[in-house]
Structures are given as structure tokens and as C-alpha cells.
Amino acid sequence: NSMVAAEILSSPEKKSEDIGNHAQAQIQTREVRTDSVVKFRTRPSMMSSEHPENNYRGFVNVLIILLVCGNLRIIIQNLHKYGLLVDLSAVSSMIHDPWFIYTLGINANFIIAYLLEYPASTGRWPGLFLTLHLLNAVSSFGIPWAGLWYLGASPGGCLLTLVFATVGMMKIVSFALVSHELRRLAATKDQRFRASLGQLYYFVGAPTLVFSVAYPRSERVRKKWVVRRVVEFIGIWGAIYFIGVQYISPGLRNTLRPLEMREPLWDAIFVAEGLLKIAVPNFIVWILGFYSIFHLYLNILAELMRFGDREFYRDWWNSTTVGFFWRTWNLPVHTWMVAHVYLPLTHRRWSKRSASLVIFLLSAVLHELIVSIPFRNFKLLAFGGMMAQVPLIQATERFKSTQMGNVIFWLSIMLGQPMIVLLYGRDHVKGLCGPWNEADTAFWTALLSAAKTNTTAQS
């Protein structure tokens, strides 16, 4: 040490360097001695985002347990308060409704579409036969719609019939447009095209809305797999019916009752509470409905028809914009809209935004027509809800590819739908049919007055 000190004093420049080396040597010596007992190294905390092995499975299990316990408490409380509300006679009565006849009657429109192809295959008057095809497609939806309106049926039967009628109409339109295009291409080669009856009815049964003369096919039908999926499908729809009757219906009644009390401040509070009560079971029904239709039902059809292309949806649950959700959650309808509405319009020099607006307008009209008959409601609520998606899409674009965007998407799904359910449920419970009336004016006046009074009280 005395020699080191002497060298440091003799060379000022070397002084600082030697002091640093000497201190580093001491630190290294201490680390070596410490390493013999405890090993230290650079590493982040387990909950830090920098940790390479983040695993929160235990927390997920705890959240699942909390979710089960919370919902179990709600189930016990609901049964204690209301008893068992499920009535299977309502399901059996739906069997006697005329909806089944109208659903089978759509088959006549497919036969007409096939018969129209005989004279159309000659290539003469293509515009005339295309018009006849489109009229046939509209009648496949219009006749059941008008029949259910005049003869009446249960809401469930009406919805089922009109959904199948909408599918039939879209299939006939696709069959007509694709056949028209294939005839035009065949004419350039001095050939004729006419779809066979087998091709048409395979398309009718296949889980797709766009016609083609050939589809990718699977090798065989897995019978045991089909049986399991059918049992699962029936069980899920039983759960949907139970949740709707046992939880959503009482929630609707409890939410509508405060509006009759004419106490604006409490109206807003109780309505908000009722919407939140409806939101959870409504969301569960919506998720179960999506899974049962787009995963189970369409895959069952695909398996029975040996239909190979089974991408009926994409990862819409990761949506960070509302636009991404509408493009990915219902691929059969989205594909039909793109093939027969969007692309024809953009090829005619329409802007992409205008073509997208036409798609939402068409979708809004179909939603309104499907919902109006079961609930006898012509107040354009479904139409307005669909058209409201257009500005919502623009508003959520700024949150694209962000965590906040996904949160906003889920909130729009979970809180937007209960309001529509509340409005339709209110009319159905009170028997308010037809267009806008004085009761609607009184309802919205009370609701807006409640919101205004609540805001004034808070300020």
C-alpha cells in the first residue's frame, strides 16, 4: 500500500486511475466473497413486464374462483327472490306456431331460382332473368315477413324464421349473381353455363353465403364428433333460455318500474343500476349465442356437408377498433357483403367509405326488419343502433392497436346492447306496438329529465 501511495503521489494523472482500479479490485473481492454465500445477478421482479417468464396462472384461477362465487351468490339470491321462473310450456307452444311452415316454404324459392337458370343459360335477356332472380330473392324474405305479421307467432319462432329467410335471400342473390358472371365468362369461350341442382342444394346446406361450383371438401364425416357438438349445442341453448327467463326478464321489469314512479333523480340511478344488472346476463347470452351459432352450428353443418373452409370468424375478441370487430366476428355475412356489395360498388368508382356506408345501411335495414316483427316494433331502434356504429368506428380508429381500444370495444358491446334490450323489452312488456306514440314520448321525456336532474344535483 505504501508503494501504491508513493506512485500515486509521483504521478497526478495516474492518481485517479489507480484509485479507481484499487477500488474496483476491492469491490470485486467483496463480490467474490459474497458469491460464495448468495449469488446476485441482474434480474427483474416477477411482476415486471421485463421478466421473460411471466406466469399469472394462479391469479387467473383466483379470479375464476371469485367469479364462480360471485355468480353463485347471485343465483341463490335470484332463486330466493323470484323462485324458478322457467316454464317449458312456452317452449312447447312455439312448436305449434306457423314459423316452421314459412321456414320450409323458403325451399320453393330455391326451386324457382333453379328453374330460372334454364332459360337464363341461353344467354338471351340476361338483365331480365337477373331481375327475376332478385325478385325471387326478395320474396323469399318478404313472404315469411308479411305472413308472420298477419298470422302472428311467438317472438322466438319469428326470429328463427326471419333469420333463415334472410340467409335464404342472401344465398339466392349470390347464386344469381355468381351464375350470371359465370355465364358471361363462358360466353367469351362460346360455351354455356348452368348450375346443376346438386350444386345448388349443396350450396343451400353449406355454411357459406357465397355460391361456387366447387368448395374444398374434408375426407369423411366424424359421426361421434357431430353427436358431441349437437349435445353441446342443445345444452348451451338450454342455458341461454334459462338465463333469459330467470335473470334478464326480472331485470327488465325492475328497471322499467322506477320510470313509473316519476321521481327523476331516483329514475336515473335505478335505470343505471338496472342496465348494469342486465348487462352481465345479456353479455353471457350473447357470448353463448355466438359460440353456439358460429362455432357449433356452422361446424356441425360443415362436418355433415364435408365443407372444408371453416373460418367462420377470426379473433374479434382482440379488437381494438369497432371496425375490426365488424370485419371479423361474422365472416359468412362479411364475405357476402364484400363480394356482392362492396367490390361491385368500388369497381364502379365508388369510394371505399361510401361503399362501407351502403353496407351498414343494408345491414341496418335487415336488422330492423328481422327484429320488428317478433316485437311488433317499428321505431327504428335496431336501425339506429346499426347506423350508430358508423361514427363509433371512426371514433375508435384513434385507439387502434392499443390496450385502451380493446377496453372501449368491450364496453361498447357490454353496455350498448342492454340499452337496446331495455327499449325492446319495455315495448314488449307493455304491449306497445307500431310506430312512435305518446308512450314513447313520455318514456324518453322521463329518462332525459332524470338524467338532467341528476346532473344538476351533482353540480
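Structure shown above.
Residues numbered from 1 in each chain as written. Predicted model: local features only at pLDDT ≥ 70, side-chain atom pairs only at ≥ 80, totals over all residues. Heavy atoms only, no water.

Colleague: Quick question: what am I supposed to make of unusual backbone geometry here?
Modeller: A negative phi holds for most residues other than glycine; trans holds for most peptide bonds. Even without glycine at this site, Arg-349 takes up a positive phi of about 70°. Among the secondary structure elements, Arg-349 is positioned in the loop between α12 (331-347) and α13 (352-375). Unusually for a residue other than glycine, Ser-401 sits at a positive phi of about 65°. For Ser-401, the position within the fold is in the loop between α15 (389-396) and α16 (403-430). (Helix = DSSP H or I, 4+ residues; strand = E, 2+ residues; numbered from the N terminus.)

Colleague: Even after reading the chapter, I still don't get the side chain of Thr-208, so can you show me in this structure?
Modeller: Structurally, Thr-208 is set in the loop between α8 (197-205) and α9 (223-256). Within the local environment of Thr-208, its side chain forms a polar contact with the backbone nitrogen of Val-210, the two atoms lying 3.4 Å apart. Every residue in contact with Thr-208, bar those within four places of it in the chain, is listed here: Lys-171, Phe-203, Tyr-215 and Phe-307. (Polar contact = N/O pair within 3.5 Å; in protein donor to acceptor, adjacent residues only side chain to side chain. Contact = heavy atoms within 4.5 Å.)

Colleague: Just to check I follow, could you spell out the side chain of Ser-174 for this structure?
Modeller: Within the fold, Ser-174 resides in helix α7 (residues 155-187). For Ser-174, the contacting residues outside a window of four places in its chain are Ser-179, Phe-203, Leu-209, Val-210, Phe-211, Trp-336 and His-340.

Colleague: Would you explain the pattern of salt bridges in this entry?
Modeller: A side chain with one charge can pair with a side chain of the opposite charge if their charged atoms come near. Taken as a whole and judged by the stated rule, the model has 6 salt bridges. A salt bridge links Arg-184 to Glu-181; its shortest N-O distance comes to 2.4 Å. Of this pair, Arg-184 and Glu-181 both sit in helix α7, 3 residues apart, which is roughly one turn of that helix. Classification of Arg-184 by relative accessible area gives partly exposed; the value is 44%. We note a salt bridge from Arg-229 to Glu-232, for which the minimum N-O separation is 3.1 Å. Residue Arg-229 and its partner Glu-232 are both found in helix α9; the two are separated by 3 residues, about one turn of the helix. (Salt bridge = Lys/Arg side-chain N within 4 Å of Asp/Glu carboxyl O. Buried < 20%, exposed > 50% of the residue type's maximum accessible area, 1.4 Å probe, protein only.)

Colleague: Would you explain the packing of helix α6 (residues 126-151) against α13 in this entry?
Modeller: For any two helices packed against each other, the geometry is given by the interaxial angle and the distance between the axes. Remark: α6 packs on α13, axes separated minimally by 9 Å, with the N-to-C direction vectors making an angle of 25°. Classified by the angle their axes make, α6 and α13 are roughly parallel. Handedness of the crossing formed by α6 with α13: left-handed. Every residue of α13 that contacts α6 at Phe-141, Trp-145, Leu-148 and Trp-149 is listed here: Leu-369, Ile-370, Ser-372 and Ile-373. Of the residues contributing to the contact of α6 with α13, the split by class is 7 nonpolar, 1 polar and no charged. (Axes fitted to C-alpha atoms, helices over the stretch in contact; angles between N-to-C directions. Parallel < 35°, antiparallel > 145°, perpendicular 65-115°, else oblique. Left-handed = near helix turned anticlockwise from the far one by under 90°. Nonpolar A, V, L, I, M, F, W, Y, C, P; charged D, E, K, R; others polar.)

Colleague: Sorry, what's going on with the nonpolar core here?
Modeller: Ranked by size, the top nonpolar core spans 52 residues in total, and within it Phe-175, Phe-211, Trp-286, Trp-316, Phe-325, Trp-329 and Trp-336 carry the most contacts. Contributions of two or more residues to this core are made by α5 (99-120), α6, α7, α8, α10 (264-305), α12, α13 and α16. Top contributing element to this core by residue count: α7, with 10 residues. Residue contacts for Phe-211: discarding those within four places in its chain leaves Ser-174, Phe-175, Val-178, Ser-179, Ala-195, Gln-199 and Phe-203. One finds Ile-236, Ile-243, Tyr-247 and Leu-422 within the second-largest nonpolar core, a separate group that totals 11 residues. (Core = buried A, V, L, I, M, F, W, Y, C linked by side-chain atoms within 4.5 Å.)

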